[in-house]
Amino acid sequence: MPHRSVEQLRRDLSTMTTEELELAVQHHNRLYWVDDAALIPDPLFDQLVERLRSLAPTSPILEAIGPAGAGEELGYGDKVEHEASMLSLDKAYDEETVLKWFDSFEGVAVGSPKIDGIACSLRYGSDGAIRLAATRGDGTRGEVITENVKRIADIPARLDAKDLEVRGEVYMRLSIFKTYEGKYANPRNLAAGALKQKDPAKTGDYRLSFFAYDVLGTELSTELEKFEYLASLGFTPVPTRRLERDQLQTHYQSVVATRFDQDFEMDGVVFRTNQVSEQVRLGVTAHHPRFAIAYKFQGESGASRLVDVLWSVSRTGAINPVAIVEPVFLSGATVTKASLHNLALIEGLGLKHHSTLLMSRRGGVIPHVESVLEAGEGDIVYPELCPSCGNGPTVRRNDVLFCPDQTRCLQAQLGLLKHFVDAIDCKGFGPKLIEQLFDDGIVRSPAEFYALQPDTLLHLERMGETLAQKLVGNIEARRELGLADFLRSLSINDLGKVASKVVASHFGSLRAVREASAESIAQIYGLGELTGVSIREGLLERAEVIDRLLEYVTVLDATAEAETSSADGAGPLTGKQFLFTGTLTSMKRKDAQDQVQALGGQTPDNIVKELDYLVIGDEDFAKFQGGWRSSKLKKAESFNAQGARIAIIGETEFLTILKSGTRA
Ligand code: IVH
């Protein structure tokens, strides 16, 4: 978003976020002191400052108000754009994934420990002196820490080389961390705090260290050469070895085995393609380069025994298995159960009653059954009757067990009703109330919400006249529903938020949707065959629910709905402008534009300052990382330099936005 006008600032003042306020204060401070071109009246500037002070009294921007903070030199607390994004790494947890990765390129790999520190970019200027240092931040913009890194012994202040960027990890040695014992959670947190000291001399007191892992701006053709070069410049490169395919797993195992002998903390092994030409060929996604992968250490794991398998019914009628295990303490929490996801997993593990299991928490959080350590006895019997409603026989579709009659199944129906009020955005009907209405036989199907009268509600527990009136009023207000909301409210498998919108805007009316064949649904971009079938089947299964609802509600056609939704700003991308550059690999540009529009967004033909996203096709994203610029890109960057806020993103991130309706 570009900087706000005076009117916009006045209007938005009370709703701006801390980050927005910081940017505005910094911007207008600079306009006043450096450019001598103040755009806003002084009292408004003061209001911005006061608002920022009340939200974030310790914001460094507050310290930098006035001529001192306005210099063109970037200083402490400023945000700075990275020259090339600082991406994350793709993760692997097993050998198979790593080998598959290795097979995607020619030549050997290199491996180094994944240091658990703070990623940092160091830019050296034409005189060889360090010019700018920044943290990773959100990958696109980081925080300036130039003066701080000058206090780190491993970071040379001047190089015998010019115009280079070195990247690496700032960390605290364990031997130094020990002297702070007990006061801080881990060396990483302490190092982060130490690095961001306002007084750079204090950073020096913490005796931080630095491992270099990359150098940008050279013509070197392999990683190994880069590491040698880094060493010759006076850096400490992260310990790195050249690895053939059959050495990957043994290298990982030897790092795991010697992990606790080192003076630094690590959380995995980073493998990289050695040959730079191969790295360029593989390219990057918006999130990570394809030429590197982090083989992460397994989180803590521990043995436990299977006590039972429970079956829980979801609103789509799926009956999901859950393993109940003897309590085991892992990564700071006691685990007593873990989802078994589907029948294929039970069968794949060869799970039996009383099996001894290896339990873990995936990503350090989600309880997970890794493997069976000791086979138990007695097969796990799949329920023949639905554990919620008792109807049978249950039906197996692919690897999922379903209740044969969701329409009479308590759990499925409750889930369905809860989802219905959510999807049509009807307030006041919480889970407890819905359960009471269901138990008393008052509401058993979505249409019955509309038949509610204050009197029927009154005999429920804790229900007063005012509340009863209000609830009936709320549901009355939802008698006109947009097609997309209506479709989503039906709890049909695969007809979620985005699919509902796409289907609605494609077919236009409920009638056309109900008449559509599985094939014609499948042909809508991005849905595909299986989804087509499951939406079609879902619509047929819900025919009665739909017919009953139609006695009460009017479903607006999608075009009519688009008009109302742009009036009240309902689409997830409403107000957002997208422009495309380069070649998209996942779809035609026209389809991408259609999808943005279906979600309420706009797709101008040319680059404008108000643009929110410039999407670079994946085919060109690698070139972008390497410095290539299309004319649209150059324009976007110059707008950004003038204060616009155009996010430059890759195709993968664009697809995520389409799916979720928000930026990942
Ligand atoms: S290579 C695209 N090597 O891990 C990034 N990164 O989770 C290529 N990290 O942001 C980086 N140790 O800060 C590399 N030996 C190592 C590393 C390492 C730690 C960090 C790095 C990156 C993060 C990704």
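Each value, and the rule that gives it
- Residues numbered from 1 in each chain as written.
- Predicted model: local features only at pLDDT ≥ 70, side-chain atom pairs only at ≥ 80, totals over all residues.
- Heavy atoms only, no water.
- Helix = DSSP H or I, 4+ residues; strand = E, 2+ residues; numbered from the N terminus.
- Polar contact = N/O pair within 3.5 Å; in protein donor to acceptor, adjacent residues only side chain to side chain.
- Contact = heavy atoms within 4.5 Å.
- Expected span 1.5 Å × (residues − 1).
- Buried < 20%, exposed > 50% of the residue type's maximum accessible area, 1.4 Å probe, protein only.
- Arc of directions from axis to C-beta.
- Phe/Tyr/Trp six-rings, centres within 6.5 Å; stacked < 30°, edge-to-face > 60°.
- Lys NZ or Arg CZ within 6 Å of the ring centre and 35° of its normal.
- Pairing = 2+ DSSP bridges.
- Salt bridge = Lys/Arg side-chain N within 4 Å of Asp/Glu carboxyl O.
- Core = buried A, V, L, I, M, F, W, Y, C linked by side-chain atoms within 4.5 Å.
- Axes fitted to C-alpha atoms, helices over the stretch in contact; angles between N-to-C directions.
- Left-handed = near helix turned anticlockwise from the far one by under 90°.

K.L.:
Looking at this model, I keep getting lost on the side chain of Glu448. Mind explaining?
P.N.:
Examined against the element boundaries, Glu448 turns out to sit in the loop between α15 (431-439) and α16 (454-458). At 2.5 Å, the side chain of Glu448 forms a polar contact with the backbone nitrogen of Arg444. Once you skip the residues sitting within four places of it in the chain, Glu448 turns out to touch Ile442, Val443 and Arg548.

K.L.:
When you look at helix α3 (residues 42-55) in this model, what are you seeing that I'm missing?
P.N.:
Helical periodicity: at 3.6 residues per turn, an α-helix aligns residues three or four positions apart in one direction. Between its terminal C-alpha atoms α3 stretches 20 Å, which fits the 20 Å expected from 14 residues at 1.5 Å a residue. Considered for burial, the residues of α3 that qualify are Leu44, Phe45, Leu48, Val49 and Leu52. Within α3, the buried residues cover an arc of 145 degrees as seen down the axis, which keeps them to one side. Turned more than 90 degrees off the buried face of α3, the exposed positions are Pro43 and Ser54. Its buried side turned inward, α3 meets α1 (6-12), α2 (18-33) and α4 (60-63).

K.L.:
Could you clarify how one ought to interpret the packing of aromatic side chains in this entry?
P.N.:
What describes a pair of aromatic rings is the distance from one ring centre to the other and the angle between the planes of the rings. Per the counting criterion, the structure on display carries 19 aromatic pairs. Geometrically, the ring pair formed by Tyr124 and Phe235 is edge-to-face, given 6.2 Å between the ring centres and 80 degrees between the ring planes. Here Phe235 lies in the loop between α10 (223-232) and β9 (241-243) and Tyr124 lies in strand β4 (residues 118-124), a separation of 111 residues in the sequence. The exposure classification of Tyr124 matches that of Phe235, with both residues buried. Put simply, the rings of Phe420, Phe429, Phe449, Tyr450 and Tyr552 touch in pairs and so form one group of aromatic residues. Looking at Arg397, its charged tip hangs above the ring of Phe402, at a distance of 4.3 Å from the centre. Positioned above the aromatic ring of Phe438 is the side chain of Arg444, whose terminal nitrogen or guanidinium carbon lies 4.4 Å from the ring centre.

K.L.:
How should I be thinking about the pairing of strand β3 (residues 109-115) in this particular structure?
P.N.:
When a strand is regular, its side chains alternate between the sheet's two faces. With six of seven residues buried, β3 lies mostly within the body of the structure. Sheet topology places β3 next to β9; three bridges connect them, and they run antiparallel. What sits directly across from Val110, in β9, is Arg242. Sheet analysis places β3 next to strand β10 (residues 266-273), joined by six bridges and oriented antiparallel. The partner of Gly111 across the bridge, within β10, is Phe271.

K.L.:
Just checking my understanding: could you explain the pattern of salt bridges for this structure?
P.N.:
Any two side chains of opposite charge can pair, on the condition that their charged atoms come close. In this structure the tally under the stated criterion is 31 salt bridges. Note that Arg511 and Glu515 form a salt bridge whose closest N and O atoms lie 3.4 Å from each other. Of this pair, Arg511 and Glu515 both sit in helix α20 (residues 510-515), separated by four residues, roughly a single helical turn. With a relative accessible area of 62%, Arg511 lands in the exposed category.

K.L.:
Help me understand the nonpolar core, please; the structure alone is not making it clear to me.
P.N.:
Nonpolar side chains in soluble globular proteins tend to end up buried together. Formed by 71 residues in total, the largest nonpolar core has its most connected members in Leu122, Val149, Phe210 and Phe235. The biggest single contributor to this core is helix α8 (residues 187-195), with five residues. Counting residues in each nonpolar core, the second largest holds 51 residues, with Val421, Ile442, Phe449 and Ile524 among its members.

K.L.:
Can you help me understand the packing of α2 against α3 in this one?
P.N.:
Each pair of packed helices can be described by the angle between their axes along with the distance between the axes. Across the interface, α2 lies against α3 with an axial gap of 10 Å and an inter-helix angle of 145 degrees. The element α2 and its partner α3 pack so that their crossing is left-handed. Packed against α2, whose contacting residues are Thr18, Leu21, Glu22, Ala24, Val25, His28, Asn29 and Tyr32, the element α3 presents Asp42, Phe45, Leu48, Val49, Arg51, Leu52 and Leu55 at the interface.

K.L.:
Can you help me understand unusual backbone geometry in this one?
P.N.:
Trans peptide bonds make up the majority, and among non-glycine residues the majority have a negative phi. With an omega dihedral of -10 degrees, the bond running from Gly392 to Pro393 counts as a cis peptide bond. By the element assignment, Pro393 lies in the loop between β16 (366-374) and β17 (395-397). With a phi angle near 50 degrees, Asp163 is a residue other than glycine that sits in the positive phi range. Positionally, Asp163 belongs in the loop between α6 (146-149) and β7 (164-171). Taking relative accessible area as the criterion, Asp163 reaches 45% and is therefore assigned partly exposed. Positive phi is not limited to glycine here, since His354 has a value of about 65 degrees.

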